[in-house]
Amino acid sequence: MAEKPPNMPTQTPNNEDTQTENIRCLATLEHFGFECLPTQMVNRSIQKGFSFNILCVGETGIGKSTLINTLFNTNMKESKTSHFYPKVGLKVKTYELLERNIPLRLTVVKTVGYGDQINKEANYQPVVDYLDAQFEAYLQEELKIQRSLADYQDSRIHACLYFIAPTGHSLKSLDLLTMKNIDKRVNIIPLIAKADSLSKSDLQKFKSNIMRELVSHGVQIYQFTADDSEATAPENTSMNGILPFAVVGSMEEVKVGKRMVRGRHYPWGVLQVENENHCDFAKLRNLLLCTNMEDLKDQTHTQHYECYRSNRLQKLGFRDVGPDNQPVSFQDMYEAKRQEFHEQCQREEEELKQTFVQRVKEKELTFKDAEKELQDKFEHLKRIQQEEILRLEEERRKLEEQIIEFYKMKAASETTQAQVCTSVKKDKERKK
């Protein structure tokens, strides 16, 4: 018990001081107040689950499926694709993954037949159409009167893993053309596929050539942001200098010493997929899944989708300010568009009426000309008929005259014959 300091006046405790000393202070066992909000958000997110959409763009057989299997440590059984597709297509697969009771709805979209055609000019178009279609579907859901965005299965692509063939020289024209057309629509993360086919010196030169070509052609790739938490900012800053990632995928387990690792066994040794000294796979997995997944989703919504949304609404005629640079409400804009549409409908209706009247007049003139032509033809045929009737009547009259003449001649002939017979009989009688 603490002693009383010297020269301290002694005070007689009153009732209030006695009650204060008798109050017991209890320690809180759990958090309380608004500091529990992060815990609530975590619990709600775990209960709802997470979603992530990946687009894999690359030539057939470059290792897209193998890398996805290696990233998520699962075997997503798929049929092998052929090199003989007549045009580029997209294969969409959705998987329900679970890791330590954390559910993840993973959607993987892969190109099929990409780069296999002789004419590769329009190989990127199916990819662009698919990205725009997902943005349009989300926009249509937002514009509904009764929206259900909480239950909406967001199909917008959060990350595009672009697989570059390990040529060791430079990018192909198809790679530049495709990335240039999709960099405003998706977060592009360039990867050098099958990087174990290049030596370390050739790999560094290849990386430098790729980044130099991307910068010179103005291709915007995903930059790992440095303004995140103190733990991830230095790592993101350093990782931007490693792009593009040189990756190797493999689900095969190889024995190295006394432990089993995922890698590839070669006559000269073992390449360990998760060894950062061998390839950049571990760095890609860490940045893609552990530190930057939410940033990729946020970039997709706040930048790429907003860019598409603003362009789409501007094409529809919506503006934030009016002709006098004053803010315009959505209701005013709607009424203005409605009035404009009504006036346009009236103009088109009037044009259709005039066109209809003009065509009716043209048809009437055509019918009148046809009627006149038919009338003239009828009169002509009528005259011909009358002339034919007159001719037939004349021939009939002549024929009747010929008949009468014939009968006259017949009667005269019979009379002559009778006279001859009579004279012959008389001559015979006379001779007798």
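This text goes with the structure placed above it.
Parameters and conventions
- Every residue gets a number counted from 1 within its own chain, in the order that chain's sequence is written.
- In keeping with the predicted nature of the model, local features appear solely for residues at pLDDT of at least 70, side-chain atom pairs appear and are counted solely at 80 or more, and the whole-chain, interface and lining totals rest on all residues.
- Side-chain measures here rest on the full set of heavy atoms in the structure, leaving out hydrogens and waters.
- Only runs of H or I of at least four residues qualify as helices and only runs of E of at least two qualify as strands under DSSP, and these elements are numbered from the N terminus.
- Working definition: with a 1.4 Å probe on protein chains only, accessible area under 20% of the residue-type maximum means buried, over 50% means exposed, and in between means partly exposed.
- A contact between two residues is defined here by any heavy atoms of the two lying within 4.5 Å.
- With residues, only the protein chains shown are counted as cover, and all accessible areas are computed by Shrake-Rupley using a 1.4 Å probe.
- Put simply, a nonpolar core is a bunch of buried Ala, Val, Leu, Ile, Met, Phe, Trp, Tyr and Cys residues held in one set by side-chain atoms that sit within 4.5 Å of each other.
- Strand pairing requires that DSSP identify at least two bridges connecting the strands.
- To get an axis, a line is fitted to the C-alpha atoms, and for a helix only the part in contact is used. The angle between two axes follows their N-to-C directions and goes from 0 to 180 degrees.
- For the purposes of these results, a polar contact is taken to be a pair of N or O atoms within 3.5 Å, where, inside protein, one atom must be able to donate a hydrogen and its partner to accept one; residues adjacent in sequence count only when each atom of the pair is a side-chain atom.

1. A look at the overall build of the protein chain
Helix and strand counts for the protein chain stand at ten helices and nine strands. Within the protein chain, buried positions represent 30% of all 432 residues. Taking the intrachain contacts of the protein chain between residues at least 6 apart in sequence as the baseline, contacts between residues at least 24 apart amount to 66%. Carbon and sulfur atoms provide 53% of the accessible area of the protein chain, an area that totals close to 30,700 Å².

2. Some details on the nonpolar core
Counting residues in hydrophobic clusters, the biggest one holds 69 residues, and the most contacted among them are I189 and F245. Tallying contributions element by element places strand β4 (residues 159–164) first for this core, with six residues. Leaving out residues up to four positions away in the same chain, F245 has contacts with I189, P190, L191, I192, F224, M239, D280, K283, L284 and L287.

3. Describing the sheet that holds strand β7 (residues 253–256)
An order of β7-β8-β9 is seen for the three strands of this open sheet, with the pairing classed as antiparallel. Whereas interior strands pair on both sides, the edge strands pair on one side only; in this sheet they are β7 and β9 (269–272). The sheet shows a mean angle of 70° between the axes of neighbouring strands, direction not considered. In this structure, strand β8 (residues 259–266) lies alongside β9, joined through four bridges in antiparallel fashion. If you follow Y266 over to β9, its bridge partner there is G269.

4. Describing the pairing of strand β3 (residues 102–112)
A regular strand carries its side chains on alternate faces of the sheet. For β3, the tally of buried residues reaches eight of eleven residues, placing the bulk of the element in the interior. Two strands pair when backbone bridges link them, and strand β1 (residues 50–57) and β3 are joined in this way by seven bridges, in the parallel orientation. Along β3, the bridge assignment pairs F52 with L106. Examined bridge by bridge, strand β2 (residues 89–99) and β3 share eleven bridges and lie antiparallel to one another. Paired with L98 across the bridge in β3 is P103.

5. Concerning the sheet that holds β4
One open sheet accounts for six strands, arranged β2-β3-β1-β4-β5-β6; its pairing is mixed. Looking at which strands have only one partner, the edges of the open sheet turn out to be β2 and β6 (245–246).

6. What to know about the side chain of N292
Positionally, N292 belongs in the loop between α8 (281–291) and α9 (293–315). Within polar-contact distance, the side chain of N292 engages the side chain of T291 at 2.7 Å.

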